[in-house]
Amino acid sequence: MLLPIFIMIPFFGGILCWMFEKYNIKISHYIALMIMSIMLILSVALSLYNSQIVFPRMYDPYWDFEYNSPWISRFGITFHLAADGLSVIMLILTSFLGIISILSSWNNIEKNIGFFYLNLLWILSFSIGIFLSIDLFLFFFFWEIIIFPIYFMMVLWGYKVKNKPMCVNRNFFANKFFMYSQCSGLILLCSILFLVHSNYVSTHILSFDYDVLRNISLNPFLETCIMLGFFLAFCIKIPIVPFHSWLPDFHTYSPITGSLDISGILLKPAVYALLRFNIVLFPHSSYIYSNIFMWCGVITIFYSACVSFSQTDIKRLIAYMSISHMGFVLIAIYSFNKIAYQGIIVHTISYALSTSALYYLIGRLFKYTRTRDMRSMGGLWSDIIWIPGFSLCFAVANLGIPGTGNFVGEFMILLGTFFNHSVLVCIVAFSLIISALCSLVMIQKTYFGLCSQNRNSILIQDISIIEIIIPTILLVVLIFIGLYPNIILNIFEFSLNNIQTIFLNSILTTRL
Amino acid sequence: MIVTAQQLIACSPLLILLLTVIIIMLFIAYSRNHFVTFLCSMIGLTLSLMSLYMVKRTVPINITMLFHIDEYSLLYTSMIVLSSIITCVFSYLWIKDSFYNSDEFYLLLLLSTIGCISLIIANHMSVLFIGMELISLPVLGLISYTYCTKNSLEAAIKYMILSCSVSVLSLFGIALIYSITGSLMFSSLIYELVISLAHPNIILLCGLGLIVLSFSFKLSIFPFHIWTPDVYKGTSSTVLTYLSTATKIAVFSVFFKIFIFLISFHVEFFRIVLEIMICLSIIFGNFMALFQTNIKRFLGYSSISQFGYLLTSLLISDDFNFSLEVVGIYLVSYLLSNIGMFGLIGLMSSLNKNMTFETITSYRGLFWNCPILSSIITIILFSLSGIPSTIGFIGKFYILSLIVKENFWILGIIFVIGSIIGIYSYLKIVTYLYLEPLVDNGQEKFVFNYTKKVYVLVLLIISVLILLLGIYPNIVIDIVSNSEPIFF
């Protein structure tokens, strides 16, 4: 019963926040904060418990925690949750970023605060559901249902452009996000059904269970088709370049906490799913197509890094940079190398932290200057205390300076990939220059240079304690990961080993 | 001809409704009282719904040679009676406020319900024809009930002319079948098909084709869909609650029973025609729904595509139990969401006399004035578009798994494209709900008095049911999979 609690606590906590809104606004804040703190403590406890027992079994179900109960027995669908190191680390990150999101929305949301926290906590609850669910139907269920709270968050609290036609309205972009997610979901559903059906045809076991489907052997054509379906579905959500256009718009028009969530939480499920499902379920075809996917990653990196140059909106710039970083992750996933895999996790985590921090700081900046356009900023360094310094720290962390987690992640990805794909890595390494340029341009245009005319040149001193605490915590964690990455690596070491053994075995058989 | 007590019991839903009709007629002759008529028809419908429980023990049973009752027909009868009950509830306030001649509405509704039930339990071509006519003639009266409003008569005439011409065609089809088989029983038709399996008789197939044509007109499948949006637009939403659900469910249940035979005897022509019709309905319905500004027209087009999805269940190779479940689940979801949607439009129109709430723009900003109604609409629209945690998704899931199971690649692609377009068009309405309200859209004057609170409660129950069955569909699956037809 341990794992369902993880989904239930934020779910019902959200409802609690909503119900207590009418008594006192502050109560919702504290309830939400308390619930996420409980979640963080629980998930850390899970990881500690996890690291104590290490027993290598190869073909048995290798979950550390498991919960299974029947759901829709007609289709063999079960409510099957399970966790190993990979899931646990994602849980910790989700609940940590959840706390940060709640703190960052502390004084910023004015209307319907209870409903806001309902949405926020449901996003967290459903994303935890994605990380824990092992039944493919359940996974799909959470994958789809997480769209609603995000959609409502964007529609109700999003960034508002005044006196503009419908097509630049936030609702338009919320719909765009919804449509992209729905396309992804439908493709995923079709692929899952194909997979389950072909399993049923060969074994006469109707089951959506990952543990059952893991042992399936398909004919190459079918496997390729299903694998491409899964890949496409996850690709839209990561996002990879031809399907990326929802992300910058989404970031531009979502509330600050909302985009903090999506950068930290929503990009991760797709990465997680690629690792967990695409690689393990279809090792052969993944291996065959790995080169194509890696070049997709390269295109993603360079395209979005170049596009982010031409942005004038800071948030869009960071959004494009985050797409570019996702290209690294894609390359690493299809490099089939253990070091690169470890790099993925470290990179994803530290990237989520640094981007969230940047979004947060931009939100603060927006509060003081009422603009996000870099052309109307400039010379802010001495006007606002704290924020420029933090921005510089995180921008530099974002481009991967040694000592931060981003460096460790990027380095491990490149190192791991280099063993098999040296040319590709050499090309990719050049992108670091572009991303460094992007970060520097952002900092330069915003904080240095000439003062622009239309800003109020009042020295902004009254920065509240929370505004300092949030970036400080994030920075400390980021540097801590950078200096001592083993603490993360140890947690998921074992589960990564499992994933890697599966396709190493399969590659060996392919080569034979 | 001897009718046993058991057969009478099995017939009781029909008999109770007939009795109610007679009682209401007598009441009207004595003195008109709207409330009494309403009460009578509600009691009659409720009793006939409850009598289904009693009937359940006697099935399967043949009543003379005309009717055949089994678990399958019980399921659909209960759905139809449910839809009539909800229609009665919602029409009470609407009729009380608007019309002098109020009692005939219930009479027409009950007669049409009787037609639906007799169509479902039909075992004979004559009952089939009479049932179809008994559905459509009272519905004609219902459509033109608001004859003072703008498009009402147009809708009624359109429906009448098309419906009558199609009825004539189906009559011709029945005559053709009779010319070959010499009997009007369904079983003789089946018998004839079985013995001429290798070379089916052309005249027989022509006759069947004409009957199928008349069915697809009633269900508004692609080439015969032209009437749907116009009739939907001209009809009041309360009548649509009935028209869009009960008549279509009744017709589909018979369509399924007959067509499943044509497929299982591998009449290839029907299969190909059906596939083309499905593809075009899905694409056309969803695509046209995208451009609608009137919400009733929108729902009309969306119902075309909904039945396009549903017809997929007929394209099976062997295991028809599965498609039985598909049909059951899908129709339950269709019933719930359509009742909810039209009931809600009717309720909102009655809340504000100056507005009809027919254009989509009039829903703009509803969330800020009335969060409860707008969340009900949101749930219903999400269920119609098939998004997880609603019963609509379970229906869609069933259809997709059927497509996967039978390996219909082209149909699968059409399905995905169609539902993506569909989701977009539903989402457009949902977005309108959450925009800032305009000043002059007249929603501030919403006042819920006691009766209207009851209506909101009914709608709330429907939407909660949609969610509950979406998350825990085992209940419906059990009911549906246990109620399979026993053929003739």
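Quick look at the overall build of chain A
Argument step 1. Within chain A, the regular secondary structure consists of 20 helices and two strands.
Argument step 2. Judged by the C-alpha coordinates and their principal axes, chain A covers about 70 × 60 × 50 Å.
Argument step 3. When each of the 512 residues of chain A is scored for burial, the buried share is 65%.
Argument step 4. Counting only contacts in chain A whose residues sit at least 6 apart along the sequence, the fraction spanning at least 24 positions is 81%.

Observations concerning the overall build of chain B
Argument step 1. Assigned secondary structure in chain B consists of 20 helices and two strands.
Argument step 2. What you see for chain B is a C-alpha radius of gyration of 22 Å, in line with the 23 Å of a compact globule of 488 residues.
Argument step 3. Along the first, second and third principal axes, the C-alpha atoms of chain B reach 70 × 60 × 40 Å.
Argument step 4. In chain B, 80% of the contacts between residues at least 6 apart in sequence involve partners at least 24 apart.
Argument step 5. Accessible surface, chain B as shown: approximately 17,500 Å² in total, 72% of it carbon and sulfur.
Argument step 6. Put simply, chain B has 21 plus and 21 minus side-chain charges, and the middle of one group is 10 Å from the middle of the other.

Digging into the environment of Gly400 of chain A
Residues and elements named next belong to chain A.
Argument step 1. The topology assignment puts Gly400 in the loop between α15 (387–398) and α16 (405–418).
Argument step 2. Residues Gly400 and Ile469, spaced 69 residues apart in sequence, show a C-alpha to C-alpha distance of 23 Å.
Argument step 3. Beyond its immediate stretch of four places on either side in the chain, Gly400 contacts Asn406, Phe407 and Glu410.

A few points about the confidence of the model for chain A
Argument step 1. Counting all residues, the mean pLDDT for chain A is 83, and 91% of those residues have values of 70 or more.
Argument step 2. Taking the mean pLDDT of every element in chain A, the minimum, 72, falls on helix α20 (residues 486–511) of chain A and the maximum, 91, on helix α5 (residues 136–145) of chain A.

Structural notes on the interface of chain A and chain B
Argument step 1. Taken together, the contact between chain A and chain B spans 34 residues of the former and 34 residues of the latter.
Argument step 2. For the pair chain A and chain B, the two sides together bury roughly 3,300 Å², of which 80% comes from carbon and sulfur.
Argument step 3. On the chain A side of the contact with chain B, Arg74, Phe75 and Leu186 of chain A bury the most area, a combined 16% of that side's loss.
Argument step 4. Where chain A packs against chain B, one counts one salt bridge.
Argument step 5. Put simply, Arg74 of chain A and Glu325 of chain B hold a salt bridge, and the shortest N to O gap is 2.7 Å.
Argument step 6. Scanning the region where chain A abuts chain B turns up six residue pairs in polar contact (both at pLDDT 80 or more).
Argument step 7. Contributions of two or more residues to the side of chain A that touches chain B are made by β1 (65–72), α5, α6 (147–157) and α7 (170–203) of chain A.
Argument step 8. When residues in the side of chain A that touches chain B are grouped by element, the largest group, 13 residues, is from α7 of chain A.
Argument step 9. Tallied by class, residues from the side of chain A that touches chain B come to 22 nonpolar, seven polar and five charged.

Section: the pattern of salt bridges
As a working rule, side chains carrying opposite charge can pair if their charged atoms are close by.
Residue and element names in this part refer to chain A.
Argument step 1. Counted by the stated rule, this structure contains 14 salt bridges over all chains.
Argument step 2. Arg316 is the salt-bridge partner of Asp249, the closest N and O atoms lying 2.9 Å from each other. Pair noted here: Asp249 is in helix α10 (residues 246–253) and Arg316 is in helix α13 (residues 314–333), with a separation of 67 residues, a long-range link. Here the two residues Asp249 and Arg316 agree in accessibility, since each one is buried.

Points about the packing of α5 of chain A against α6 of chain A
All names here are of chain A.
Argument step 1. In the contact formed by α5 and α6, the axes pass within 5 Å of each other and the chain directions differ by 5°. Here α6 runs roughly parallel to α5, going by the angle between their axes. The segment α5 lies against α6, with Trp143, Glu144 and Ile145 engaging Ile147, Phe148 and Pro149.
Argument step 2. Among the residues making up the contact of α5 with α6, the classes are represented as five nonpolar, no polar and one charged.

Remarks on a nonpolar patch on the surface
Argument step 1. A surface patch of nonpolar side chains, about 470 Å² in accessible area, is lined by Leu16, Met19, Phe20, Tyr23 and Ile27 of chain A.
Argument step 2. Looking at the secondary structure, you find Leu16 of chain A in helix α1 (residues 2–20).

Focus: unusual backbone geometry
Argument step 1. The omega torsion across Ile238 of chain A and Pro239 of chain A is -10°, close enough to zero to call that bond cis.
Argument step 2. Within the secondary structure layout, Pro239 of chain A lies in the loop between α9 (220–237) and α10.
Argument step 3. The backbone of Thr64 of chain B shows a phi angle near 45°, a positive value even though the residue is not glycine.
Argument step 4. The topology assignment puts Thr64 of chain B in the loop between β1 (61–63) and β2 (67–69).
Argument step 5. Its identity as a non-glycine residue notwithstanding, Ser220 of chain B has a phi of 50°, on the positive side.
Argument step 6. The residue Ser220 of chain B is located in the loop between α9 (202–218) and α10 (227–234) in this model.

A closer look at the packing of aromatic side chains
Residues and elements named next belong to chain B.
Argument step 1. Per the stated rule, a full pass over the model turns up 80 aromatic pairs over all chains.
Argument step 2. Their ring planes at 80° and their centres at 6.2 Å tell us that Phe252 and Phe255 sit as a pair that is edge-to-face. With Phe252 and Phe255 both in helix α11 (residues 237–264), this residue pair falls three residues apart, about one helical turn. Judged on exposure class, the residue Phe252 and its partner Phe255 are both buried.

Some words on the pairing of β1 of chain A
Residues and elements named next belong to chain A.
Argument step 1. Where β1 and strand β2 (residues 77–83) come together, seven bridges link them in antiparallel fashion. In the sheet register, Asn68 faces β2, and the bridge partner there is His80.
Argument step 2. Hairpin connection, β1 to β2: the antiparallel pair is bridged by four residues, and Gly76 has positive phi, about 65°.

Some points on helix α16 (residues 371–385) of chain B
Residues and elements named next belong to chain B.
Argument step 1. Here α16 contains 15 residues, and its C-alpha end-to-end distance of 21 Å stays within 8% of the 21 Å for a straight helix at 1.5 Å per residue.
Argument step 2. Three or more residues of α16 are buried, namely Leu373, Ser374, Ile376, Ile377, Thr378, Ile379, Ile380, Leu381, Phe382, Ser383, Leu384 and Ser385.
Argument step 3. Looking at the residues trailing α16, positive phi occurs at Gly386, about 75°.

Re the nonpolar core
Argument step 1. One finds Leu195, Phe208 and Tyr334 of chain A together with Phe252 of chain B to be the most contacted residues of the largest nonpolar core, which totals 374 residues.
Argument step 2. It is helix α14 (residues 320–351) of chain B that contributes the most residues to this core, 19 residues altogether.
Argument step 3. Filtering out sequence-adjacent residues up to four positions away, Phe208 of chain A remains in contact with Phe75, Gly76, Ile77, Ile134, Asp135, Leu136, Phe137, Ile192, Leu193, Val196 and Leu213 of chain A together with Phe397 of chain B.

Calculation rules
- Residues numbered from 1 in each chain as written.
- Chains lettered and ligands numbered in written order.
- Predicted model: local features only at pLDDT ≥ 70, side-chain atom pairs only at ≥ 80, totals over all residues.
- Heavy atoms only, no water.
- Helix = DSSP H or I, 4+ residues; strand = E, 2+ residues; numbered from the N terminus.
- Buried < 20%, exposed > 50% of the residue type's maximum accessible area, 1.4 Å probe, protein only.
- Contact = heavy atoms within 4.5 Å.
- Rg over C-alpha atoms; globule rule 2.2 N^0.38 Å.
- Areas by Shrake-Rupley, 256 points an atom, 1.4 Å probe, with all protein chains shown as cover.
- Lys, Arg positive; Asp, Glu negative; His and termini not counted.
- Charge placed at Lys NZ, Arg CZ, Asp CG, Glu CD.
- pLDDT = per-residue confidence, 0-100.
- Buried area = accessible area lost by both parts, 1.4 Å probe.
- Salt bridge = Lys/Arg side-chain N within 4 Å of Asp/Glu carboxyl O.
- Polar contact = N/O pair within 3.5 Å; in protein donor to acceptor, adjacent residues only side chain to side chain.
- Nonpolar A, V, L, I, M, F, W, Y, C, P; charged D, E, K, R; others polar.
- Axes fitted to C-alpha atoms, helices over the stretch in contact; angles between N-to-C directions.
- Parallel < 35°, antiparallel > 145°, perpendicular 65-115°, else oblique.
- Patch = residues over 30% accessible without salt bridge, like charges linked within 9 Å, V, L, I, M, F, W, Y side chains within 5 Å.
- Phe/Tyr/Trp six-rings, centres within 6.5 Å; stacked < 30°, edge-to-face > 60°.
- Pairing = 2+ DSSP bridges.
- Expected span 1.5 Å × (residues − 1).
- Core = buried A, V, L, I, M, F, W, Y, C linked by side-chain atoms within 4.5 Å.

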